[in-house]
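So you can see what is in the structure, the chains are spelled out below.
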Amino acid sequence: MLATFKATFEMNRNQTRLRVASLAAVALCVSFAGGVPVAHAERIENQVAVFSALDKVTARISKFEVEINKTVAFGQIKVTPRVCYSRPATELPKTTTFVEVDETQLDGTEKRIFTGWMFAESPGIFGVEHPTVDVWLTECKNPIRSTPQQASPQPS
């Protein structure tokens, strides 16, 4: 029994050494190559952001489209997307928008309740949760142009 344990321990130890040596060789090759290779992803700029909203009072979900730099009201919430990016169907989905969300107060003034990025693939994390309304990005429409984006910065 003890001999079996020692043999297994020695085999695991040798495998660990081999893995460490392999990782060190990869790190050495990357450092001689001048850094990590840069992947280029294509980003598509769109003219329209499509949102879904849940009215918590009536329990209805509505879908609405907003042109970039235009404002659309949903209840007491006003949504203004500034950009909306997507990727081609051949790449992993990544649909994002930078949006400003304002709430109309009882006295008629507006209060900014959200400014930031929304991600269609993570609506529960990057959506607006309000006491009476939830808003999240679902897609982007009407592409303008696509621009190649660098996934990581070039080494100096």
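Here goes a summary of the coordinates provided. Chains are numbered independently. Their residues run from 1 in the order of the written sequence. With the structure being a predicted model, the display of local features is reserved for residues of pLDDT at least 70 and the display and counting of side-chain atom pairs for 80 or more, all residues being used for whole-chain, interface and lining totals. As a rule here, side-chain values come from all non-hydrogen atoms in the structure, and water together with hydrogens is ignored.

## Here's the deal with the pairing of strand S5 (residues 96–104)
- A simple rule labels every residue: compare its accessible area, found with a 1.4 Å probe on the protein chains alone, to the largest value its type can have, and call it buried under 20%, exposed over 50%, or partly exposed in between. Comment: elements are numbered from the N terminus, with helices defined as DSSP H or I runs of at least four residues and strands as E runs of at least two. Taking burial as the measure, the nine residues of S5 include seven buried ones, the bulk of the element.
- Note: S5 against strand S6 (residues 110–119), nine bridges, orientation antiparallel. Each bridged residue has a counterpart across the sheet, and for Thr-97 the counterpart in S6 is Met-118.
- Whether two strands pair comes down to DSSP finding at least two bridges between them. Hairpin connection, S5 to S6: the antiparallel pair is bridged by five residues, and Gly-108 has positive phi, about 95°.

## As for the state of the cysteines
- Note on terminology: disulfide denotes any pair of cysteine sulfur atoms within 2.5 Å. Going through the model one piece at a time under the given rule, you end up with one disulfide.
- With its sulfur 1.7 Å from that of its partner, Cys-84 forms a disulfide with Cys-140. Disulfide Cys-84 to Cys-140: torsion about the S-S bond roughly -80°, handedness left-handed. One end of the pair, Cys-84, is in strand S4 (residues 77–86); the other, Cys-140, is in strand S8 (residues 133–150), and 56 residues separate them in sequence. By the burial criterion, Cys-84 is buried, and Cys-140 matches it.

## Let's talk about the packing of aromatic side chains
- Paired rings are identified among Phe, Tyr and Trp, the last through its six-membered ring, by centres lying within 6.5 Å, and are further divided according to the angle between planes into stacked (under 30 degrees), edge-to-face (over 60) and tilted (the rest). Using the criterion set out here, one finds four aromatic pairs in the structure.
- On the numbers, 5.7 Å between centres and 10° between planes, the contact of Phe-64 with Phe-74 is stacked. With a gap of ten residues between them, Phe-64 in strand S2 (residues 60–67) and Phe-74 in strand S3 (residues 72–74) connect regions that are remote in the sequence.
- Assessed through its relative accessible area of 12%, Phe-64 is described here as buried.
- Summarising the aromatic geometry, the rings of Phe-98 and Trp-117 are spaced 5.4 Å apart at their centres and angled 70° between planes, so their arrangement reads as edge-to-face. With a gap of 19 residues between them, Phe-98 in strand S5 and Trp-117 in strand S6 connect regions that are remote in the sequence.
- Looking at Trp-117, the relative accessible area reads 37%, which means it is partly exposed.
- The structure contains a cluster of three or more aromatic residues connected by ring pairs, namely Phe-51, Phe-64 and Phe-74.
- The positively charged end of Arg-43 is found above the aromatic ring belonging to Tyr-85, 3.9 Å away from the centroid. Each ring is checked for a lysine NZ or an arginine CZ that lies within 6 Å of its centre and within 35 degrees of its normal; such an atom marks a charge sitting over the ring.

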